[in-house]
Each structure stands twice: as structure tokens, then as C-alpha cells.
Amino acid sequence: MKVSLERLTKTFDEKGKSSRAAVNRLNAEIKSGTLTGLLGPSGCGKSTLLFMIAGLHSTTEGKIWFGEQEVTNLPSEKRGVGLVFQNYALYPHLTARQNIAFPLLNSKNLKAQTQKKLDELVKEQGVNVKYKSYVDSLVAETAKLVEISDYLDRKPSELSGGQQQRVAIARALIKNPSILLLDEPLSNLDARLRIQTREEIRRIQQRSGITTIFVTHDQEEALSICDEVIILKEGTLQQQGTPQDVYDHPSNQFVAQFLGNTPINILKGKIESGKLYVGETEWLSLPKPLPDQRVNVGIRAEHVLAASYPRQQTLPVKVVKSFRTGGAFTAEGQLPDGQTLTFLNDRNDPYRENDLLRVYVRPQTMSIFDDKGDRILEC
Amino acid sequence: MLRKKRNPAKARYDNSAYLYLLPAFLLMGIFTVYPVINTFVTSFKHDFQFLTGNYAGLSATHYLDVVSDPVFRRALLNTMFIAFVCVPGSMLVSLVLALGLHSIKRLQGFYLTIFYLPQVTNVIAAGLVFSFIFNTHFGLMNAVLGWFGIEPVAWISGEGIVGSQERYNEAYMRSLFVLFVNNVWDGLSLHVLLFLGGLQNINKQYYEAASVDGVSKWTVTRKITLPLLSPTTIFIFVTSVIFAFRAYANVVALFGGSYGPPGDNSKMMITLVGYIMDALGNYLTPGAVSSAGAAAVVLVLMVMIVVFLQLKLTKRWVFYR
């Protein structure tokens, strides 16, 4: 189901202080059947937004639509969402099986819905099935989907983090929700399990075809499995788009700096009569003319290329440091005006301190922002 | 290699630790260990004279005497009533109050203070106040009942019980009721506080998860809150039952030093501790102190059995994280 957010605002009243908007006039549309990531640094309002969609937080202003139905003032249980909490919130005194079955056995609404489905099924196939055994079969089915069939009789404390997480997802999925919401689903897992589980979430989402929204502060996580990401900062939407799109074409400096494992280089410079200067050094002429002004130039490390033969429009760089993180080799260099530039290092013939080289960057791969950080041109 | 290295911390502990522990050991030995052993030994001394320390021999006579004494049985029954009727009653009322308090935000501290007041009140004073409340002629209870046209009830005065078993039984029931009310009130303070603490320890996300699923408040209380509260519940139960076995002061304050209404010679409301106290009061009578010792040993054994059973059941019922 499609989710539309219309000028959505949430303010929390703080004692003695003026109220602060955790989510600020946010417009977004989440397409049906996609996996969408809400991405942003801590405190950007992404979890608040998720809980507003879930109905656990009230809306201060604006509207939320599920498909064609407005749900802004609908209580949580009537919205038909499945929610997975950051720490899973599995009932510790119940086994995995009992946890998964809990909504279907204890919610009046869901009971009625499930019973109705069962009645139809009975009519169709002419076999009499009791409600409880129907729920059991649904639990088995869901457990199979998330691959926890072998652990159903264990209590949460006897399960690993990844298994608990899958039980939590199963508990959300068994309700057959129209939308699945995940709050920081991977933050409690170790690095290896995190990568494994995010693929798992992707697989479950694709198999069930359910519209899924998940919150994360980890850009790599979002970029690797999402169909679309929504990037938030201080409660306002910065950019929405496919992972590749937001990575390659950031709409402002914040997005550019937030994304990417190696932080993007931001060089201070200026445009003067169609030419780009870094510091006071002339670098290259722009393919499209732009008005003269001071600018910030965003360049990803992987787009900095070493000039192996003399060519024009290059910058001299003096290598200051070289780094190695696992398999990634990077080097940090100094430009004539003292600004630093990070670029990929050669694995076999790495640059060393005080090496001098000339680098160039294809204008198409750089992002030029005005000096406030709003994007003005991409060459 | 590393193994051969001496652990310097360990070496230092060995000798001096006992020196530091000595004062505590001494005090415990004098005031706890020795009396316990002495009580046990005394309980077997036949015709023991407290003043001279003479005794006729060792036997289990006092145990047989105590167990066959109707007053002891009465004391046992009353103590059981406090432990297994009053305590659960008090816990149930406290739980309901704590659940109510937990769901409100405003005035929570105010109500908590009110509920906590019994804890800072002297047991004897409170017991006396209760005996006034339940006074037949000028008590608050009968005054309130009077508004509804109900005749004054002889709650604890026990009129006409001499010579009539039926009247006696009725008076006993009324006294038990007063004892129940007093115990419930007395237990409230600590139990509400502990239950509230237990409730506040339960992660709010369990409730949020249930709310997204549309599970009703009542079902949430039954299937989530109560099971998760079980460690608190069992803790309160175990400690309260042990405490109940020591009931004495409030019974004396409520029903007087004869443990019953005027004219009653059966020590109607006596407790186990009351029985021991009475026996000790007759210390000049040969064998009385031994009887007290025997009763005390029986009391300790009963507490131990109850605690053992509770711990057994706890493992099956209580959820610990």
C-alpha cells in the first residue's frame, strides 16, 4: 500500500522551552511494495516519523494517507501496520511461537479478521479447521518465511540477536499488515550479522511484497538494500530517491557529506567568468556557465584521478598521509592553498608521504554547492 | 610461566580478612548463633529451672505437650490465617492500587505518600486506633454502618460468648475480619511501593507493541504485566509470609494482652509468637522456658518449610530475565 505524508509536523512540548519540531512540514510519498529507508543522523526525527506512521505518536499538523484512506487520526491498532522495535520488544516470558501467535490470539480486531479468512477458507475447501490450529499453521508458515522454524519453542533469552529479530519480524508479519515498519532493525546486531540480516530483510520484503519502511542511521545499510531512501535532517526532508541517485546527485551539501564511507571532499573555491577556482588557483572551465560566486565543491575520493601524463586542468597535490582500512587504501593530500583532498591510493604502488602528483576530476562527477550548502550545479 | 606467578591480592586476603570480620562474627555468634543453639538444646531439657539451670533430663516431652496444647493449635491457626489469607488479601488490594497508580501521572506522588503513611506509623498505636474504629459503642465502623440503618456490631467486644459455642464462633469470625482489615491496611504501604517499582521496571515497548496489535488493556494486564511482574510478586509474598509468622504486636494492640474479648479464656486471637511470649512470661514455672523453646523451634521449622515450598514453586511459575 502506498503511504503519503502531507506537510507532516510533530512538535514536542518541552518544559520551560519553546516547542521543538521533531518532524517539520514533511512531504513524501512511499510507493507500494517498496523497501524505503528513513535515513539520517541521530535526532533527525526519523524514529518519530516512523512512530507517527505507526500511530504511536500523534500528529501535530499535516496528514498521513495509506493508499486512498486518511489515517491521521486513526488509532494505531486500526491502521493495520506491523511494527518491529529497535530492541524487538519480544515478550520475554513467552516462547517464540507464543510471541508470534500473540497478536492473533489476543487482539479482538485481528481475531475477527483472521476468523473471517478462516471461514472463507473452510467454505472454499470444505474442511473444518479450528481457529487455534489455523493460527498454528500461520505461525509455521511465517516462521518458515523468516527461517526460524527450528527455534519456535525457545524463549527470547535463548535466541541470538538475529533470531530474536526474525521472531519480531514474524510477529509483525503474521498480522498480514498493509505496511511493515522497522525501527533501527540492525542496530543491536554485530557487524557480520548486520550484513547478513539486512539481506534477510530484503529477501523477506521481496518475498512478501509488503510495503516496508525502515529507520536507520547507517547509510551503508540504507544504500545497500533500499529501493528508495528518504534523508532527513532536523525533521526536514533533504532528499528522496534511489540509493544510486542520492549518492551520485546529492541535493545539498548535507546529503553529500552524510553519504559515503569515505567522507566526500568539500573544497572551498569560487567561480569567476566560467572558470572554477580552488582557493585562488584556477582549475578548470565549467561546461555550463554559472554566475560568479563563492562555492563549495564536493568530490568523492573515488573520482579523484591521478594524471599519469601531462595534461591541462589538473591540480598539484602533496601527499600528507596514507591510510589503509582493511582492503581500502586511501591517501590524504594537500592542495597549494592548504586544503586537504582525500583520494584512493594505489594498492600495489601506494603514494608515500611528500610524494607530489597532479590530479584531475571529471566535471560530471563533481557536485558544486553554493557557500551555504544548497546545490546549484552539477556539471 | 604465568601460572607460577603468585596472586598478590589473594595472598593478602588470607590472614587479615578474618581479623576484620571478627567483630561481626563475634556479634553474630553472641546474639544469633548461640541463642539459636541454646534454644534448640533448652527445648529438650525436661523440668528445666530457668533460675538455677537444673533439669531432670533430655526428652521430647515439651514438643508433645506443645503440639497437643489447644492454645498452640489456635495460635497456629491464627498465624496461618495471617500468612495465607491476610497476606494474599493485602497483596491483591495493593496490586490493584499499584496498577491504578501506575496508569496515572498527576498526583502519583501524592497518593503514594498517603499509601506509604502506615509504614511510618507505630504498630501498637495503629492497632489501638483500629480497636477504637471497631469499638461497638463509639467506633467509626459502627457509626458508618448506622447511616445505612445497620445495628451496631460487636466487632471485638465479644458479648455473650461465655457458655455459647455458637456466639463464640461468630465473635471469632468478626475478630478475624478485623485482623484481616488491619493487616491489609498495614501491608499496603510497602506492597504498593514495591509493586509500583516493579511495574515501572517493565519496558514500555511491550505495551506499545501490544497497542499496535490492538490488544485490550485487560488482556495486556493479564498476559503481559502480571507475568512480567511475577518476580516482584513472589518477593513480596515470600517476605510477607515470613513476616506474618512473626505477628504479635498488632494482635495485642487490637485484642489486648489476653488475645481476645473480655471474658474469653481461650486466647482467641493468639499467634505463635504470642504463645512463645506467654510461655516465657511464666519462666519461673519449671519447664515453661523449654516449652517456649519447643514452640520457637516448631515456628522456625514451619517458616523453613514454607520458604522451601515457595522457592520450589517459584522456579516453575516465576519468570526471571
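Shown above is the structure to which this text applies.
Residues numbered from 1 in each chain as written. Chains lettered and ligands numbered in written order. Predicted model: local features only at pLDDT ≥ 70, side-chain atom pairs only at ≥ 80, totals over all residues. Heavy atoms only, no water.

Draft legend 1. View of the overall build of chain A. Secondary structure summary: chain A contains nine helices and 21 strands in total. Referenced to the eigenvectors of the C-alpha coordinate spread, the extents of chain A come out at roughly 80 × 45 × 45 Å. Within chain A, the proportion of its 379 residues that are buried is 50%. Contacts spanning at least 24 positions in sequence make up 65% of the contacts within chain A whose residues lie at least 6 apart. Of the roughly 18,400 Å² that chain A leaves accessible, carbon and sulfur atoms contribute 45%. Separation between the mean location of the 49 positive side-chain charges and that of the 45 negative ones in chain A comes to 4 Å. (Helix = DSSP H or I, 4+ residues; strand = E, 2+ residues; numbered from the N terminus. Buried < 20%, exposed > 50% of the residue type's maximum accessible area, 1.4 Å probe, protein only. Contact = heavy atoms within 4.5 Å. Areas by Shrake-Rupley, 256 points an atom, 1.4 Å probe, with all protein chains shown as cover. Lys, Arg positive; Asp, Glu negative; His and termini not counted. Charge placed at Lys NZ, Arg CZ, Asp CG, Glu CD.)

Draft legend 2. Broad picture of the packing of aromatic side chains. All chains considered together, the criterion is met by 15 aromatic pairs over all chains. Between F110 of chain B and Y111 of chain B the ring centres are 5.6 Å apart and the planes differ by 65 degrees, which places this aromatic pair in the edge-to-face class. In this structure F110 of chain B comes out as partly exposed when scored by relative accessible area, which is 48%. Here the aromatic cluster, defined as three or more aromatic residues joined through ring pairs, consists of F130, F134, W155, F177 and W185 of chain B. The positively charged end of R171 of chain A is found above the aromatic ring belonging to Y91 of chain A, 4.8 Å away from the centroid. Here the guanidinium or amino end of R300 of chain A rests over the ring plane of Y247 of chain A, the centre of that ring lying 4.1 Å away. (Phe/Tyr/Trp six-rings, centres within 6.5 Å; stacked < 30°, edge-to-face > 60°. Lys NZ or Arg CZ within 6 Å of the ring centre and 35° of its normal.)

Draft legend 3. Fine view of the pattern of salt bridges. Residue and element names in this part refer to chain A. Counting across every chain of the model gives 15 salt bridges over all chains. Between K31 and E228 there is a salt bridge, with its nearest N and O atoms 2.9 Å apart. Of the two residues, K31 is situated in the loop between β2 (20–30) and β3 (35–39) and E228 in strand β9 (residues 228–233); the sequence distance between them amounts to 197 residues. Look at E228 and you get buried, because its relative accessible area is 13%. Salt-bridge contacts for K46 lead to E184; the nearest nitrogen and oxygen are separated by 3.9 Å. (Salt bridge = Lys/Arg side-chain N within 4 Å of Asp/Glu carboxyl O.)

Draft legend 4. Looking closely at a nonpolar patch on the surface. On the surface, Y18, L19, L21, L22, F25, L26, L27, I30 and F31 of chain B cluster together into a nonpolar patch covering about 1,000 Å² of accessible area. Residue placement: L26 of chain B occurs in helix α1 (residues 8–42). (Patch = residues over 30% accessible without salt bridge, like charges linked within 9 Å, V, L, I, M, F, W, Y side chains within 5 Å.)

Draft legend 5. Structural detail: the sheet that holds strand β16 (residues 315–325) of chain A. All names here are of chain A. In spatial order, the strands read β15-β19-β16-β17-β18; together these five strands make up an open sheet with antiparallel pairing. At either margin of the open sheet sits one strand with a lone partner, and together these are β15 (305–306) and β18 (340–344). In this sheet, strand β17 (residues 328–334) lies alongside β16 in antiparallel orientation, the contact comprising seven bridges. Within the sheet, the bridge partner assigned to V319 lies in β17 and is G333. (Pairing = 2+ DSSP bridges.)

Draft legend 6. Region of interest: the pairing of strand β19 (residues 356–360) of chain A. Where β15 of chain A lies against β19 of chain A, two bridges are found, and the strand directions are antiparallel. In the sheet register, L305 of chain A faces β19 of chain A, and the bridge partner there is Y360 of chain A.

Draft legend 7. Representation of the interface of chain A and chain B within the structure. Listed as interface residues are 20 residues of chain A and, on the opposing side, 19 residues of chain B. The junction of chain A with chain B conceals about 1,700 Å² of combined surface from both sides, 63% of it contributed by carbon and sulfur atoms. One can count one salt bridge joining chain A with chain B. Between D213 of chain B and K175 of chain A there is a salt bridge, and its shortest N-O distance comes to 2.8 Å. Counting only elements with at least two residues in the side of chain A that touches chain B, the list comes to β6 (81–84), α2 (96–106) and α3 (108–125) of chain A. Counted by class, the side of chain A that touches chain B contains eleven nonpolar, five polar and four charged residues. (Buried area = accessible area lost by both parts, 1.4 Å probe. Nonpolar A, V, L, I, M, F, W, Y, C, P; charged D, E, K, R; others polar.)

Draft legend 8. How the structure looks around helix α5 (residues 161–173) of chain A. With 13 residues, α5 of chain A extends 18 Å from end C-alpha to end C-alpha; this agrees with the ideal 18 Å at 1.5 Å per step. The buried count for α5 of chain A comes to twelve of 13 residues, which makes it a mostly enclosed element. Those residues of α5 of chain A that sit buried are G162, Q163, Q164, Q165, R166, V167, A168, I169, A170, R171, A172 and L173 of chain A. Check the buried side of α5 of chain A and you find it contacts β6, α2, α4 (131–145), β7 (179–183) and α6 (191–208) of chain A together with α8 (204–213) of chain B. (Expected span 1.5 Å × (residues − 1).)

Draft legend 9. Region of the structure containing the packing of helix α3 (residues 70–103) of chain B against helix α4 (residues 108–116) of chain B. Residues and elements named next belong to chain B. At a minimum axis separation of 9 Å, α3 and α4 run at an interaxial angle of 160 degrees. In terms of axis orientation, α3 runs roughly antiparallel to α4. The hand of the α3/α4 crossing is left-handed. Residues L97, L101 and H102 of α3 lie in contact with α4, whose contacting residues are Q108, Y111, L112 and F115. (Axes fitted to C-alpha atoms, helices over the stretch in contact; angles between N-to-C directions. Parallel < 35°, antiparallel > 145°, perpendicular 65-115°, else oblique. Left-handed = near helix turned anticlockwise from the far one by under 90°.)

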